[in-house]
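# A structural walkthrough
If you want the building blocks of each chain, they are given just below.
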Amino acid sequence: MSAPDPDAEREVDLRSYLNALTVRWWLPVAGLVGGIVIGLLVSLGGNQVWTANTTVYLGQPLSPTGSVQIQSDATNPSAVGVIIHSEGALRQAARAAGMPVSKLRGHVSSRPVAGALTKLGQTPFVQITVTGAAPRHVQVAANTLAKIVVARSSTYANKLITSWQEQVSTYTDSLKTIDDQLKKGSLSGTDELIVSIQRAQIADQLTTATQQLAVAQEVEKGKQETFAVATKTTAKSRRNTVIVAALIGLLLGIIAALLWEPVVRVVRRPS
């Protein structure tokens, strides 16, 4: 007796599979069509997601002399995440956007902007992102959170700005008083010389205070660099959803065609 030929058995198996697919071709086709229809329905019913991004500059606080960079909330990018996830900030942003805070909670995030250095003394830009179902809600919420972050990270800079503004105002008033005295011409030559020297000193102090005020306003104080605008993103790609659903339907149809005869044979077998 000759040994069975494995190749012949495999050929018979493959031929039976092809015959089953040929006879019941309508099952794979039905699966494919059904998958396309289901994929379209799922993609059409998917929610649209709106995203709003805004970028904030946290500011770089300096020592009172302006010569040394110091550590603070503004130099720590993690502070942004702590602030925007705090319940107080979420409630304030939700109230400004006219939305329930539950729709905002869990839909905010922050990250340093790519390329920014987070080493000591090097403050990065930080991006704040809000997602949601309504464009106006996410836009207003993102901009509100940015303002909250800037306000909380700039308390030190704001105090410096107030101090420098007061000094600039004082020096300006002093110069005006001295100029009025010099215009009257009622001073003696010696007094006029002394007052002129005083004026030069005050003018130098005014220049320094003005420069320090500019540094505090433009460098040390945080600010919102970009205004958030809502953009629409699809929660699910319609094309990908339809393709995946069609492939799944086709696969199920092929399996059904291959298992049709064995299943029918088992069902019809007498008990």
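Conventions and cut-offs
- Residues numbered from 1 in each chain as written.
- Predicted model: local features only at pLDDT ≥ 70, side-chain atom pairs only at ≥ 80, totals over all residues.
- Heavy atoms only, no water.
- Helix = DSSP H or I, 4+ residues; strand = E, 2+ residues; numbered from the N terminus.
- Buried < 20%, exposed > 50% of the residue type's maximum accessible area, 1.4 Å probe, protein only.
- Polar contact = N/O pair within 3.5 Å; in protein donor to acceptor, adjacent residues only side chain to side chain.
- Contact = heavy atoms within 4.5 Å.
- Expected span 1.5 Å × (residues − 1).
- Pairing = 2+ DSSP bridges.
- Core = buried A, V, L, I, M, F, W, Y, C linked by side-chain atoms within 4.5 Å.
- Axes fitted to C-alpha atoms, helices over the stretch in contact; angles between N-to-C directions.
- Parallel < 35°, antiparallel > 145°, perpendicular 65-115°, else oblique.
- Left-handed = near helix turned anticlockwise from the far one by under 90°.
- Nonpolar A, V, L, I, M, F, W, Y, C, P; charged D, E, K, R; others polar.
- Phe/Tyr/Trp six-rings, centres within 6.5 Å; stacked < 30°, edge-to-face > 60°.

## Some points on the side chain of Gln-127
Along the chain, Gln-127 falls in strand 3 (residues 125-132). Of the residues examined, Gln-127 reaches a relative accessible area of 16% and is grouped as buried. Within the local environment of Gln-127, its side chain forms a polar contact with the side chain of Thr-129, the two groups lying 3.4 Å apart. Setting aside residues no more than four positions away along its own chain, Gln-127 makes contact with Asn-53, Thr-54, Thr-55, Ser-109, Ser-110, Arg-111 and Val-113.

## Points about helix 7 (residues 155-184)
With 30 residues, helix 7 ought to run about 44 Å at 1.5 Å a step, and its terminal C-alpha atoms sit 44 Å apart, in line with that. Three or more residues of helix 7 are buried, namely Ala-157, Leu-160, Ile-161, Trp-164, Val-168, Tyr-171, Leu-175 and Ile-178. Buried positions along helix 7 lie against helix 8 (189-220). After helix 7 finishes, the residue Gly-185 shows a positive phi value of roughly 70°.

## A word on the pairing of strand 3
Extensive coverage of strand 3 is indicated by the burial of 6 of its 8 residues. Pairing analysis gives 8 bridges linking strand 1 (residues 48-57) to strand 3, with the strands arranged antiparallel. In the strand pairing of strand 3, Asn-53 is matched with Thr-129. Here 5 bridges tie strand 2 (residues 108-112) to strand 3, and the two strands are oriented antiparallel to one another. Each bridged residue has a counterpart across the sheet, and for Ser-110 the counterpart in strand 3 is Ile-128.

## Focus on the nonpolar core
Proteins that are soluble and globular tend to have nonpolar side chains buried together. By size, the foremost hydrophobic cluster in this structure holds 29 residues, and its most contacted members are Val-56, Leu-104, Ile-128, Val-130, Leu-145 and Val-149. Going through the elements one at a time, strand 1, helix 3 (78-84), helix 4 (87-97), helix 5 (101-104), strand 3 and helix 6 (135-153) are the ones with two or more residues in this core. Ranked by the residues each element gives to this core, the list is headed by helix 6, at 8 residues. If sequence neighbours within four positions are ignored, Leu-145 has contacts with Ile-84, Ala-89, Ala-93, Val-108, Ile-128 and Val-130.

## Here's the deal with the pairing of strand 1
Of the pairings in the sheet, the one linking strand 1 to strand 4 (residues 223-224) comprises 2 bridges and is antiparallel in character. Across the sheet, residue Val-56 finds its bridge partner in strand 4, namely Gln-224.

## Overview of the packing of helix 7 against helix 8
Between helix 7 and helix 8, the least distance of the axes is 8 Å, while the angle of their chain directions is 155°. By the angle class used here, helix 7 and helix 8 are roughly antiparallel. Classified by chirality, the crossing of helix 8 by helix 7 is left-handed. Each residue belonging to the contact of helix 7 with helix 8 can be placed in one class, and the counts come to 17 nonpolar, 11 polar and 4 charged.

## Topic: the packing of helix 4 against helix 6
For any two helices packed against each other, the geometry comes down to the angle between their axes and how far apart the axes lie. Close contact between helix 4 and helix 6 brings their axes to 8 Å; oriented N to C, the two are set at 135°. Taken together, the axes of helix 4 and helix 6 are oblique relative to one another. Judged by the twist between their axes, the crossing of helix 4 over helix 6 is right-handed. Across from Ala-89, Gln-92, Ala-93, Ala-96 and Ala-97 in helix 4, the residues of helix 6 making contact are Arg-136, His-137, Val-140, Ala-141, Thr-144, Leu-145, Ile-148 and Arg-152.

## Observations regarding helix 8
Taking 1.5 Å as the rise per residue, helix 8 with 32 residues should run 46 Å; its terminal C-alpha atoms sit 45 Å apart, in good agreement. Along helix 8, the residues that are buried comprise Val-195, Ile-202, Leu-206, Ala-209, Gln-212, Leu-213, Ala-216 and Glu-220. Residues of helix 8 that are buried sit in contact with helix 7.

## So, the packing of aromatic side chains
If you walk through the whole model with that rule in mind, you get 2 aromatic pairs. Measuring from ring centre to ring centre gives 5.7 Å for Trp-26 and Trp-260, while their planes differ by 80°; the resulting arrangement is edge-to-face. Remark: Trp-260 occurs in helix 9 (residues 238-268) and Trp-26 occurs in helix 2 (residues 26-45); sequence separation between them is 234 residues. Under the relative-accessibility criterion, Trp-260 is labelled partly exposed at 37%. Measuring from ring centre to ring centre gives 5.7 Å for Tyr-57 and Phe-125, while their planes differ by 50°; the resulting arrangement is tilted. Taken together, the positions of Tyr-57 in strand 1 and Phe-125 in strand 3 put the pair 68 residues apart, joining distant regions of the chain. For Tyr-57, a relative accessible area of 14% puts it in the buried group. For Phe-125, a relative accessible area of 37% gives the class partly exposed.

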